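# What the coordinates show
So you can see what is in the structure, the chains are spelled out below.
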Amino acid sequence: AQSVTQPDIHITVSEGASLELRCNYSYGATPYLFWYVQSPGQGLQLLLKYFSGDTLVQGIKGFEAEFKRSQSSFNLRKPSVHWSDAAEYFCAVGADSGTYKYIFGTGTRLKVLA
Amino acid sequence: GAVVSQHPSWVICKSGTSVKIECRSLDFQATTMFWYRQFPKQSLMLMATSNEGSKATYEQGVEKDKFLINHASLTLSTLTVTSAHPEDSSFYICSASASESGNIQYFGAGTRLSVL
C-alpha cells in the first residue's frame, strides 16, 4: 500500500544549527514528492517538489531536499535554521497522476530555540 | 502566482445550522479542487476531490449529505457543512491544482469552524 512516513513527530534545534527532516515513502512507481510547511492556523505553503531529473532539489526559504530512490527517502534539509522556521512540516507523495491526490505524512513539528 | 483564497477564515455557528466555505483560485484555472479536514496537531485528512462540472468524489467514511461540495466553475469550489453539530468543529482546508502545472496542489489558508 502507498504510504508516507515521517518518523520524527517533534524536532527541536537551536537557531543557526542545521536541520534534517526525514521522509520515507512507499510507492510502486516513480513518485511525485513534495514538502509543505504550515504555520499555526494557516494553510500549507509549498517548499519544494521533485518530479524527475536532478535528485537534489532547491526550494524556497533556503530549503533543499534529496530524493534517494534506493532508500525510498526524500529528506528535507536546511544548513542554518532561523527562528521563523518554527512550524509544522509535511511530506507528501502524489499518489495518482490522474486525480492529483496526495498522500500526506503525519507531519514533523519543528521548534527553534533562540 | 498560484494563489488560493479561502473564505471565511473563521466561522462560529449554532448547532443545526449550515455553513458554506468558499475556495477560489485567484490567478489560475483549477481543474481539480480538494477539501481536507485537519484535527488539532494532526495531519490532513482528504475529504473529497472535485472536478469542475462534475460530482465530487468522496473519500471513504465521509458523509456526502453532510458535506456538500460544489465546483461550479474553474475558479470556485464550495463546501457546505449541513446541519452542523459540535463534532463537525474542525479546521477545513481547500487546495487547487491545474492540469498544466502537473501534480501540484496550492492550498488556501483554511477555515476554522466552531459549532456551538
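Model, not experiment: these values are computed from the prediction. (Residues numbered from 1 in each chain as written. Chains lettered and ligands numbered in written order. Predicted model: local features only at pLDDT ≥ 70, side-chain atom pairs only at ≥ 80, totals over all residues. Heavy atoms only, no water.)

On to the overall build of chain B, then. For chain B, the count of helices and strands is 0 helices and 11 strands. Helices and strands in chain B line up, N terminus first, as β-β-β-β-β-β-β-β-β-β-β. For a compact globule of 116 residues, the expected C-alpha radius of gyration is about 13 Å, and chain B comes in at 13 Å, within 12% of that figure. The 116 residues of chain B split such that 51% are buried. Put simply, 54% of the contacts in chain B that link residues at least 6 apart link residues at least 24 apart. (Helix = DSSP H or I, 4+ residues; strand = E, 2+ residues; numbered from the N terminus. Rg over C-alpha atoms; globule rule 2.2 N^0.38 Å. Buried < 20%, exposed > 50% of the residue type's maximum accessible area, 1.4 Å probe, protein only. Contact = heavy atoms within 4.5 Å.)

Moving on: the interface of chain B and chain A. The extent of an interface is frequently quoted as the accessible surface area lost upon association of the parts. Each side of the interface is counted separately: chain B has 22 residues, and chain A has 22 residues. Regarding the contact of chain B and chain A, the summed buried area is about 1,700 Å², with carbon and sulfur atoms giving 59% of it. Among the residues of chain B in contact with chain A, Asn103, Ile104 and Phe107 of chain B are the three that bury the most area, contributing 34% of the side total. Where chain B packs against chain A, one counts 1 salt bridge. Between Glu59 of chain B and Lys101 of chain A there is a salt bridge, with its nearest N and O atoms 2.9 Å apart. At the junction of chain B and chain A, the tally comes to 6 residue pairs in polar contact (both at pLDDT 80 or more). Elements represented by at least two residues in the side of chain B that touches chain A include exactly strand E4 (32–38), strand E5 (44–51) and strand E9 (90–97) of chain B. Looking at which element gives the most residues to the side of chain B that touches chain A, the answer is E4 of chain B, with 4 residues. For the side of chain B that touches chain A, the per-class residue count stands at 9 nonpolar, 11 polar and 2 charged. (Buried area = accessible area lost by both parts, 1.4 Å probe. Salt bridge = Lys/Arg side-chain N within 4 Å of Asp/Glu carboxyl O. Polar contact = N/O pair within 3.5 Å; in protein donor to acceptor, adjacent residues only side chain to side chain. Nonpolar A, V, L, I, M, F, W, Y, C, P; charged D, E, K, R; others polar.)

Residue and element names in this part refer to chain B. Position of Ile21 relative to the elements: it lies in strand E3 (residues 19–25). The exposure class of Ile21 is buried, given its relative accessible area of 0%. Sequence-wise, Ile21 and Lys41 are 20 residues apart; in three dimensions their C-alpha atoms are separated by 22 Å.

Right, let's talk about unusual backbone geometry for a bit. Note that the residue after His7 of chain B, namely Pro8 of chain B, is joined by a cis bond; omega there is 0°. Even without a glycine there, the phi angle at Ser72 of chain A is positive, about 50°. Relative to the helices and strands, Ser72 of chain A resides in the loop between strand E8 (64–68) and strand E9 (73–78). By relative accessible area, Ser72 of chain A is classed as partly exposed at 26%. Of note, Ser83 of chain B is a non-glycine position whose phi angle comes to about 45°, a positive value. By secondary structure assignment, the location of Ser83 of chain B is in the loop between strand E8 (76–81) and E9.

A few words on a nonpolar patch on the surface. Residue and element names in this part refer to chain B. Judged by side-chain polarity, Trp10, Ile12 and Leu116 come together as a nonpolar surface patch covering roughly 390 Å² of accessible area. In this structure, Ile12 sits in strand E2 (residues 10–13). A residue is classified by how much of its surface remains accessible, and Ile12, at 51% relative accessible area, is exposed. (Patch = residues over 30% accessible without salt bridge, like charges linked within 9 Å, V, L, I, M, F, W, Y side chains within 5 Å. Areas by Shrake-Rupley, 256 points an atom, 1.4 Å probe, with all protein chains shown as cover.)

Residue and element names in this part refer to chain B. The buried count for E5 comes to 6 of 8 residues, which makes it a mostly enclosed element. Sheet analysis places E4 next to E5, joined by 7 bridges and oriented antiparallel. From the neighbouring strand, Phe34 faces E5, where its bridge partner is Thr49. Sheet topology places E5 next to strand E6 (residues 57–58); 2 bridges connect them, and they run antiparallel. Within E6, the residue paired with Thr49 across the bridge is Thr57. In textbook terms, the turn of a hairpin is the stretch between consecutive antiparallel strands, and for E5 and E6 this stretch comprises 5 residues, one of which, Gly53, has a positive phi near 80°. (Pairing = 2+ DSSP bridges.)

Attention now goes to the side chain of Ser43 of chain B. Topologically, Ser43 of chain B is positioned in the loop between E4 and E5. In terms of polar contacts, Ser43 of chain B uses its side chain to reach the backbone carbonyl oxygen of Gly105 of chain A, at 2.7 Å. Discounting chain neighbours no more than four positions away, the residues touching Ser43 of chain B are Phe90, Phe104, Gly105 and Thr106 of chain A together with Arg37 and Gln38 of chain B.

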